[in-house]
Amino acid sequence: MAVELYFPHDEVDTKNPNFDLAADYLELTAFFSEEARSFTKDLINATEIGAEDDYETVDEEMTDREEIVSGAVRRIDGRRDALGGSYPFTLDENGDVLTYVGNEPSYGQAAYVLSLILSHLKAVSPILDGSSVYPTDAEIIELRKYFQYFATAALAAEVNGRAWSFGHPRPDKTNFHTKLAEIWGVFRDGVLQAAVGVPERPQDDQIDVFAARLQPDGLPGFLLAAGQVATGNNWREKSLRHHLEKVFPSRWFGQQPVTMMLCYHIIPFARPDDEFFDDCRVLGNVLHRLRVPYRVTEAQGLHEQGVAIEAFDQLAVAVEWIKAYAARGAAAA
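Owing to the predicted nature of the structure, the values given are computational and were not obtained by experimental measurement. (Residues numbered from 1 in each chain as written. Predicted model: local features only at pLDDT ≥ 70, side-chain atom pairs only at ≥ 80, totals over all residues. Heavy atoms only, no water.)

Asker: A description of the overall build of the protein should follow, citing residues and the corresponding values.
Answerer: Helices and strands together make up the secondary structure of the protein, namely 11 helices and 10 strands. Taken over C-alpha atoms, the radius of gyration comes to 22 Å for the protein, in line with the 20 Å a tight globule of 333 residues would show. Its C-alpha atoms put the protein at 70 × 40 × 35 Å along the principal axes. With 333 residues in all, the protein has 50% of them scored as buried. Expressed as a percentage of contacts within the protein between residues at least 6 apart in sequence, the contacts between residues at least 24 apart total 69%. Summing over all exposed atoms, the protein offers an accessible surface of approximately 15,600 Å²; the carbon and sulfur share of this is 48%. Put simply, the protein has 30 plus and 52 minus side-chain charges, and the middle of one group is 9 Å from the middle of the other. (Helix = DSSP H or I, 4+ residues; strand = E, 2+ residues; numbered from the N terminus. Rg over C-alpha atoms; globule rule 2.2 N^0.38 Å. Buried < 20%, exposed > 50% of the residue type's maximum accessible area, 1.4 Å probe, protein only. Contact = heavy atoms within 4.5 Å. Areas by Shrake-Rupley, 256 points an atom, 1.4 Å probe, with all protein chains shown as cover. Lys, Arg positive; Asp, Glu negative; His and termini not counted. Charge placed at Lys NZ, Arg CZ, Asp CG, Glu CD.)

Below, the structure written as C-alpha cells:
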C-alpha cells in the first residue's frame with residue numbers, strides 16, 4: 001500500500017495555483033515510493049478526485065489541470081537548473097516521470113531532502129500531516145538541528161571561509177559568552193563587554209551562524225556574515241536586520257567592531273520568484289531551498305581544504321537519517 005500524502009486542493013487546484021507546492025507533492029511522492037518515482041499525471045488524478053470547481057466545458061477543466069502539471073514541471077526544471085547535482089531528482093525528457101536518485105545522497109542532496117521535509121511539517125503544510133511517515137516530535141527536533149548544521153556549512157561556502165554554529169543549543173555545549181569570546185578571539189575586532197541591563201542568560205540573541213573570510217593581514221574589514229536559521233511558519237516575521245545593526249553590537253561590545261556584518265536569513269522553503277524580491281527587501285540576503293544545497297556542496301570542498309566549519313561532521317549523521325527515512329517510506333508502500 002502506497003504512502004498516502006494529502007493533496008492541498010485549496011492551494012493547487014485554484015485559479016492561481018501554487019506550482020511550488022505541486023512540485024513538492026511530486027517530489028515527496030517519488031521520495032516515499034517503493035519505485036522511487038512519481039508521475040506528473042498524478043497531479044491530474046489528484047485534482048480530479050477533490051475537484052469542487054464548476055467548469056463550463058470539459059476542455060476548460062482539462063486546460064486547467066494541464067496547466068497545473070506544466071507549472072509544476074517548470075518549477076522542477078528550475079530547481080534542477082539552479083542546483084545541478086545537488087538536486088536529488090531527475091525528470092525524464094518528456095516531463096512525465098520524476099525519479100528520486102538520492103539512494104546514497106551527497107551532502108547537497110541530503111540538504112535538499114531535509115529542507116523538503118521541513119517545508120511540510122504540519123504547522124507549515126498539510127501534505128505529510130496524518131501520513132504513516134510523518135516525523136515524530138523527537139525527530140523534528142533533530143531535523144531542525146541538522147538544518148542548522150547544513151545552514152552553517154552553506155554560509156561558510158557563501159563567504160568562502162570558516163563558520164561557527166552559534167545557535168542554541170550549540171554543538172560544543174558552550175554558553176553564549178564563552179562562544180562569543182571564542183569567535184571574536186579569531187576576529188580580533190572590537191572589545192567584548194556586556195552593556196547594563198542586557199539579558200542575564202542569553203541563548204544566542206537571535207544569531208544562529210557566523211561565517212567569515214578573514215584577511216591574511218589579520219586586520220578588520222573582512223567579509224563577515226551573521227545569519228538566522230528559521231524553519232517555522234513564522235520565518236518571515238523574524239527579520240534580523242535591525243537587531244544585527246542596532247542591538248547586538250551595542251549589547252555585547254564596549255568597543256564595537258568596525259567590520260560590518262552582512263545579514264542572512266536561512267530557510268528550508270522554496271519561494272516564488274516574484275515574492276523573493278520582497279523577502280530580500282525585508283530580511284536581507286536569503287538562502288533558501290534552491291541555494292542551501294548548492295552551497296553545502298561547495299562547503300564540502302572547503303572542508304576538504306582544511307577550512308574550519310563547525311559541526312560539519314554531523315552532516316554524515318543527517319545523511320544516514322535521510323536514508324533511513326526513505327527506507328521507511330518504501331517499507332510502508
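Additional details are given in the paragraphs that follow.
Asker: Give me the lowdown on the packing of aromatic side chains, citing residues and values where you can.
Answerer: Per the counting criterion, the structure on display carries 21 aromatic pairs. On the numbers, 5.2 Å between centres and 90° between planes, the contact of Tyr 87 with Tyr 112 is edge-to-face. Pair noted here: Tyr 87 is in the loop between α4 (58-83) and β2 (89-91) and Tyr 112 is in helix α5 (residues 107-118), with a separation of 25 residues, a long-range link. Side by side, Tyr 87 and Tyr 112 carry an identical accessibility label, which is buried. Put simply, the rings of Trp 164, Phe 166, Phe 176, Trp 184, Phe 187, Phe 210, Phe 222, Phe 248, Trp 252 and Phe 253 touch in pairs and so form one group of aromatic residues. Against the face of Phe 19 rests Arg 74, its NZ or CZ located 5.5 Å from the ring centre. Sitting above the plane of the Phe 166 ring, Arg 170 keeps its charged end 5.2 Å from the centroid. (Phe/Tyr/Trp six-rings, centres within 6.5 Å; stacked < 30°, edge-to-face > 60°. Lys NZ or Arg CZ within 6 Å of the ring centre and 35° of its normal.)

Asker: Help me get a handle on the pattern of salt bridges, residues and values and all.
Answerer: As enumerated under the stated definition, the model contains 25 salt bridges in all. Residue Arg 79 is joined to Asp 24 by a salt bridge in which the shortest nitrogen-to-oxygen separation is 2.8 Å. Taken together, the residues span a long stretch of sequence, with Arg 79 in helix α4 and Asp 24 in helix α2 (residues 19-32) at a distance of 55 residues. One exposure class covers both Arg 79 and Asp 24, and it is buried. Overall, Arg 79 belongs to the buried group, its relative accessible area being 1%. Here the salt bridges share partners, and the residues they tie into one network are Asp 20, Asp 24, Glu 27, Arg 75, Arg 79, Asp 273 and Arg 289. (Salt bridge = Lys/Arg side-chain N within 4 Å of Asp/Glu carboxyl O.)

Asker: Any chance you could break down unusual backbone geometry for me, citing the residues and the numbers?
Answerer: In this structure, Pro 169 follows His 168 across a cis peptide bond, with omega equal to -5°. In this structure, Pro 169 sits in the loop between β4 (162-165) and α7 (176-187). With a phi close to 60°, Ala 36 is a non-glycine residue in the positive phi region. Note on placement: Ala 36 falls in the loop between α2 and β1 (37-39). Positioned with a positive phi, Arg 188 is a non-glycine residue whose angle comes to about 55°. Examined against the element boundaries, Arg 188 turns out to sit in the loop between α7 and β5 (191-192). For Arg 188, a relative accessible area of 58% translates into the label exposed.

Asker: A description of the packing of α5 against helix α6 (residues 137-159) should follow, citing residues and the corresponding values.
Answerer: Relative orientation of the contacting elements α5 and α6 amounts to 135°, with a least axis distance of 10 Å. Comparing the axis directions of α5 and α6 gives the class oblique. Crossing handedness for the pair α5 and α6: left-handed. For the pair formed by α5 and α6, the contact residues are Tyr 107, Ala 110, Ala 111, Leu 114, Ser 115, Ile 117 and Leu 118 on the first element and Leu 143, Arg 144, Tyr 146, Phe 147 and Phe 150 on the second. Of the residues assigned to the contact of α5 with α6, the class counts are 10 nonpolar, 1 polar and 1 charged. (Axes fitted to C-alpha atoms, helices over the stretch in contact; angles between N-to-C directions. Parallel < 35°, antiparallel > 145°, perpendicular 65-115°, else oblique. Left-handed = near helix turned anticlockwise from the far one by under 90°. Nonpolar A, V, L, I, M, F, W, Y, C, P; charged D, E, K, R; others polar.)

As far as function goes, none of this settles anything; it's purely spatial.
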